[in-house]
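Spelled out from the first residue to the last, the chains are:
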Amino acid sequence: MCAQSTRPGILAPTADHLAALAEDALSSVPEDLLKPIAGLAILVEEFPDDETCEAMDLETPFDLLGLYQGVPLGHRSTGETPADLDRIFLYRRPILDYWIETGDDLYHVVRHVLIHEIGHHYGYSDDEMEALELQAEEDEQNIPSSRA
């Protein structure tokens with residue numbers, strides 16, 4: 001489902017807009033988690049690539065909102081040089097589709113996906129990531145919002 005056809009006259013947020021939301025969402029991530037992600041790239045792509053869809057056995061590229069690619073911090077060897085950069089992909093079209101279907105605030109959708117993928121960077125379980133997101137929501141409620 002395309003955001004433009006669902007809300008006539010409203011253009012879908014661009015990749016740059018999603019990247020700005022992700023950057024803003026980083027401000028709500030607990031500070032102790034931000035220190036080790038200094039070299040973590042956050043990229044916005046339209047969809048997961050064909051290789052990713054095949055490797056994850058996705059029925060449709062809309063099934064994946066985000067992806068962490070890299071070696072989780074707890075699985076790294078100090079003498080080992082990483083083959084590639086650690087990256088978080090945010091997939092614009094699936095995120096927009098989810099946003100339209102649920103009616104959730106787009107910022108909160110992006111933040112949820114971002115925190116979930118940061119959790120994979122740490123090697124956290126889904127329960128630990130859920131606790132992380134709850135903590136981020138509590139922290140966010142205690143600071144004024146800069147989003148317009």
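Going by the structure above, here's the rest.
Residues numbered from 1 in each chain as written. Predicted model: local features only at pLDDT ≥ 70, side-chain atom pairs only at ≥ 80, totals over all residues. Heavy atoms only, no water.

Colleague: Please provide a residue-by-residue account of the nonpolar core, values included.
Modeller: Counting residues in each nonpolar core, the largest one holds 28 residues, and the members touching the most others are Leu-90, Ile-95, Leu-106 and Val-110. Those elements giving two or more residues to this core turn out to be α2 (15-26), β3 (87-91), α5 (92-102), α6 (106-122) and α7 (126-141). No other element matches α6, which puts 9 residues into this core. Apart from residues lying up to four places away in sequence, Ile-95 is in contact with Leu-18, Leu-65, Leu-90, Leu-106, Val-109 and Val-110. (Core = buried A, V, L, I, M, F, W, Y, C linked by side-chain atoms within 4.5 Å. Buried < 20%, exposed > 50% of the residue type's maximum accessible area, 1.4 Å probe, protein only. Helix = DSSP H or I, 4+ residues; strand = E, 2+ residues; numbered from the N terminus. Contact = heavy atoms within 4.5 Å.)

Colleague: Could you give an account of the sheet that holds strand β1 (residues 41-45), with specific residues and numbers?
Modeller: Spatially, 3 strands are ordered β1-β3-β2 in an open sheet, and the strand pairing comes out mixed. Single-partner strands in this sheet number two, and they are β1 and β2 (66-69). Across the sheet, the mean angle from the axis of one strand to that of its neighbour is 20°, orientation sign disregarded. As defined by bridge partners, β1 adjoins β3 across 5 bridges and the pair is classed as parallel. Counterpart to Ile-42 in the pairing with β3 is Ile-88. Those strands touched by α5 are β1 and β3, and its axis lies near 50° from that of β3. (Pairing = 2+ DSSP bridges. Axes fitted to C-alpha atoms, helices over the stretch in contact; angles between N-to-C directions.)

Colleague: Which residues make up the packing of aromatic side chains, and what are the values?
Modeller: We describe a pair of aromatic rings using the distance from one ring centre to the other and the angle between the two ring planes. Under the defined criterion, the tally for this structure stands at 2 aromatic pairs. Ring geometry for Phe-47 and Phe-62: centres 5.0 Å apart, planes at 85°, overall edge-to-face. On the criterion of sequence distance, the pair formed by Phe-47 in the loop between β1 and α4 (50-55) and Phe-62 in the loop between α4 and β2 is long-range, its members being 15 residues apart. Assessed through its relative accessible area of 26%, Phe-47 is described here as partly exposed. When its relative accessible area of 25% is taken as the criterion, Phe-62 is described as partly exposed. (Phe/Tyr/Trp six-rings, centres within 6.5 Å; stacked < 30°, edge-to-face > 60°.)

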